[in-house]
Structures are given as C-alpha cells and as structure tokens.
Amino acid sequence: MHIIETRDLTFAYPNRPPALSGVNFTAGRKERVAVIGANGAGKSTLFKHLNGILTPSSGEVLVHGESVTKRNLREVRKAVGLVFQNPDDQVFSPTVEQDIAFGPANLGLDEETIAHRVESAIQLMALEDLRDRPPHHLSGGEKKRVAIAGVLAMEPQVLILDEPTAGLDPQGVADLIRFVNTLPEAFGMTVIFSTHHLDLVPELADSVYVMDHSRVVAHGSVPAIFSRP
Ligand code: ADP
Ligand code: ADP
C-alpha cells in the first residue's frame, strides 16, 4: 500500500482556473520523490493537499489508504509534515527552541517527550548555537533549518519539503542532501520535495513527477525521466 496517494485530485483557488487537474500521485514508504515543474505548475498546491491544509475541489487524498476527511485531519497532520517554501511562514516563536517545540506541543505530547524531541531535532539540524536566538533574526538558511527541525520534532512518517534548497549556499545544499538522504533508512521516512535544481534530483530522489500547468505530465524513476529524448 502507498503511504500517501492522490486520486484524480482537482483544485481551484476562488475565481481562478484549476491549480490542480486530475492529479494522481503516489509515494511509498521510504521512497524519495521529487516534484519538478515551472513556477505556478501546482507543486505547492499539491503539497498543501497532502497534509490537509487545502481541501480538494474534487478527487481525494489518501494517507495509509484512508481518505483524508475533517475527522482524521489531526492524524494526517501528525503523519505528514510540510516544510513551507518560505520559512517566514513557519517560524514565529521568541526563540529557536520554543519554535521547534511548537509542533510537538500542539500534538499534546508530555513535557518530557517534547523536550527530548526538541533536543534531538536541534542536534539533527545542527542548531545548538542558535537555540536561544529569536528565529526572525536568523539568515534564510538558518531559518530553513529551524523550520525543518520543527517539523522533524513531530516525527512525521512523510516529510514534504517545498523548495528546500532555495536560499541555501552551496555548503547548505550539500548538508541538506546528506541529511535528507539519511531519513528513509534512519526513520523509515518518506521524503517528498520540489526543486528547481534539476541537477540535485538524481542525488536526492528515487522517482520524479513532472508537473506543468496544473497537471502531472510525466512520472517515473530518475533514470527513466532524465534519459528521455
Ligand atoms: P508551484 O508551487 O508549482 O510554483 P503553486 O501551487 O504555487 O505552483 O501555484 C499553482 C497556481 O495556483 C498558480 O497559477 C498560482 O498563481 C495559483 N495560486 C497559488 N496560490 C494561490 C492563492 N493563495 N490564491 C490564488 N491563486 C494561487
Ligand atoms: P535519540 O536516539 O537521540 O533520542 P530519536 O530516536 O528520539 O533520537 O530521534 C531523533 C530525532 O529524529 C527526533 O527528534 C526526530 O527529529 C527524528 N525522529 C526520530 N524518530 C523518528 C520517526 N520515527 N519519524 C520521524 N522522525 C523521527
């Protein structure tokens, strides 16, 4: 069974043409999936459906084979973590540490578990030196690490990263690649991401979806997609 799936997913923002048209998307456990395509193709809109932030106009989203509804939204948000493209949409607490604790606290976990998860996420994202800083004064790349740490601390089964390399310097990109590639084996995590850096896709993904104007126009393994004439 796919851990996450969309069936004939269609969505339009109010008074706009469809941002998603009949999208069929699947990802398996531990799979690394890249979603590529020009600006405006629909990648972010797809991601916001996968964790229930947006509700389909028609079609459905399934997590663990179960259709996402208002009733199981809480479970879905727990299972599927989304890191937004712009960390300013996600990073807002007085300190880095409090910011990372926000997600797990929202899950209703006890203090000890929250503290443990925050500590682990700080270590994973190498944020030890920044823990007491106000996140809104950090650099773009640092904020991004804080946003990722906050989602990781919720221990999702599926991690979605919208343009994770945007705003990172080359060292930041190299660190991110190394880190993301540990997640499937270390935690059994599925990783779904979008990127404009096509050269990174072979290093970061097992399979690729190509989107264009609200539709999936190609889907396959990395070699299949990149060796097309
Ligand atoms: P991508 O992530 O591939 O750049 P998006 O999912 O952000 O694409 O956008 C898909 C389409 O939906 C675009 O035409 C975009 O202008 C439109 N769109 C995105 N967000 C909104 C919004 N909040 N309100 C109205 N239209 C939007
Ligand atoms: P430690 O052995 O240091 O306590 P944990 O096993 O608690 O490490 O995990 C370290 C961090 O890795 C967690 O805070 C979280 O960020 C992430 N993590 C751990 N387990 C999972 C999981 N099952 N799914 C997703 N992320 C996880």
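Keep in mind the model is a prediction, meaning the values are calculated, not measured.

Is there a simple way to think about the sheet that holds strand β4 (residues 58-63) in this case?
Adjacent strands of a sheet form backbone hydrogen bonds with each other and so pair up, either parallel or antiparallel. With respect to topology, four strands assemble into an open sheet ordered β2-β1-β4-β5, the strand pairing being antiparallel. For this open sheet the edge positions go to β2 (20-27) and β5 (66-67), each flanked by a neighbour on one side alone. Pairing analysis gives two bridges linking β4 to β5, with the strands arranged antiparallel. What sits directly across from L62, in β5, is S67. Where helix α1 (residues 43-50) meets the sheet, it contacts β1 (4-11), β2 and β4, and its direction lies at approximately 120° from that of β1.

Which parts of the structure should I look at to understand the site of ligand 1?
Taken together, Y13, R16, A19, A38, N39, G40, A41, G42, K43, S44 and T45 make up the full set of residues near ligand 1. In this structure, an oxygen atom belonging to ligand 1 sits 2.5 Å away from a side-chain N or O atom of T45. By residue class, the composition of the shell around ligand 1 is four nonpolar, five polar and two charged.

Hey, could you run me through helix α4 (residues 111-124) in this one?
Note on helix geometry: an α-helix contains 3.6 residues per turn, so any two residues three or four positions apart are oriented the same way. For α4, spanning 14 residues, the distance from its first C-alpha to its last is 20 Å, which sits close to the expected 20 Å at 1.5 Å a residue. For α4, the complete set of buried residues consists of I114, R117, V118, A121 and I122. What you see down the axis of α4 is that its buried residues fit within an arc of 135°, all on one side. When the buried face of α4 is taken as reference, the exposed residues oriented beyond 90 degrees from it are E112, H116 and Q123. For α4, the N-terminal capping position is held by D110, with its side-chain oxygen 3.1 Å away from the main-chain nitrogen of E112. Directly beyond the C-terminal end of α4, a positive phi value near 55° is found at A126.

Would you mind going over the packing of aromatic side chains with me for this structure?
Here a ring pair, both rings aromatic, is described through the centre-centre distance and the interplanar angle of the planes. This model, assessed by the stated rule, comprises three aromatic pairs. On the numbers, 4.9 Å between centres and 90° between planes, the contact of F11 with Y13 is edge-to-face. Y13 sits in the partly exposed class, given a relative accessible area of 30%. An angle of 85° between the planes, with centres 5.1 Å apart, marks the rings of F92 and F102 as edge-to-face. In this pair, F92 sits in the loop between β6 (80-83) and α3 (96-106) while F102 sits in helix α3, placing the two residues 10 residues apart along the sequence. Residue classification places F102 among the partly exposed residues on the basis of a relative accessible area of 40%.

Teacher, can you tell me more about the pattern of salt bridges here?
Here the idea is simple: oppositely charged side chains can pair when their charged atoms come close. Under the criterion given, the structure shown has nine salt bridges. Residue E185 is joined to K30 by a salt bridge in which the shortest nitrogen-to-oxygen separation is 3.5 Å. Taken together, the residues E185 in helix α7 (residues 183-187) and K30 in the loop between β2 and β3 (32-36) connect sequence positions 155 residues apart. Under the relative-accessibility criterion, E185 is labelled exposed at 61%. Residue classification places K30 among the partly exposed residues on the basis of a relative accessible area of 31%. A salt bridge links D206 to R32, with the nearest nitrogen and oxygen atoms 2.9 Å apart. Here R32 lies in strand β3 and D206 lies in the loop between α8 (201-204) and β9 (207-212), a separation of 174 residues in the sequence. By relative accessible area, which is 33% here, D206 ends up partly exposed. Classification of R32 as buried rests on a relative accessible area of 15%.

Sorry if this is basic, but what is going on with the layout of surface pockets here?
The rolling of a water-molecule-sized probe over the atoms marks out the regions of remaining empty space. Roughly 540 Å³ of internal volume is contained in the largest pocket. Looking at the largest pocket, it is lined by 25 residues, and the ones nearest its centre are Q90, F102, G103, N106 and M154. Those elements giving two or more residues to the lining of the largest pocket turn out to be α2 (73-79), β6, α3 and α5 (140-152). The element contributing the most residues to the lining of the largest pocket is α3, with five residues. The residue inventory of the lining of the largest pocket, partitioned by class, reads 14 nonpolar, six polar and five charged.

In this structure, what is going on with the side chain of D99? I would like to understand it.
Position of D99 among the secondary structure elements: in helix α3. Looking at D99, its side chain comes within polar contact range of the main-chain nitrogen of F92, at 2.8 Å. If near-sequence neighbours (up to four positions away) are discounted, D99 is found in contact with Q90, V91, F92, S93, P135 and V146.

Rules of the game
- Residues numbered from 1 in each chain as written.
- Chains lettered and ligands numbered in written order.
- Predicted model: local features only at pLDDT ≥ 70, side-chain atom pairs only at ≥ 80, totals over all residues.
- Heavy atoms only, no water.
- Pairing = 2+ DSSP bridges.
- Helix = DSSP H or I, 4+ residues; strand = E, 2+ residues; numbered from the N terminus.
- Contact = heavy atoms within 4.5 Å.
- Axes fitted to C-alpha atoms, helices over the stretch in contact; angles between N-to-C directions.
- Near = heavy atom within 4 Å.
- Polar contact = N/O pair within 3.5 Å; in protein donor to acceptor, adjacent residues only side chain to side chain.
- Nonpolar A, V, L, I, M, F, W, Y, C, P; charged D, E, K, R; others polar.
- Expected span 1.5 Å × (residues − 1).
- Buried < 20%, exposed > 50% of the residue type's maximum accessible area, 1.4 Å probe, protein only.
- Arc of directions from axis to C-beta.
- Phe/Tyr/Trp six-rings, centres within 6.5 Å; stacked < 30°, edge-to-face > 60°.
- Salt bridge = Lys/Arg side-chain N within 4 Å of Asp/Glu carboxyl O.
- 1 Å grid on protein atoms, 1.4 Å probe; cavity = no way out; pocket = protein on both sides within 12 Å on 5 of 7 lines; lining within 4 Å.
- Points joined across faces, edges and corners; volume = space filled by probe spheres on them.

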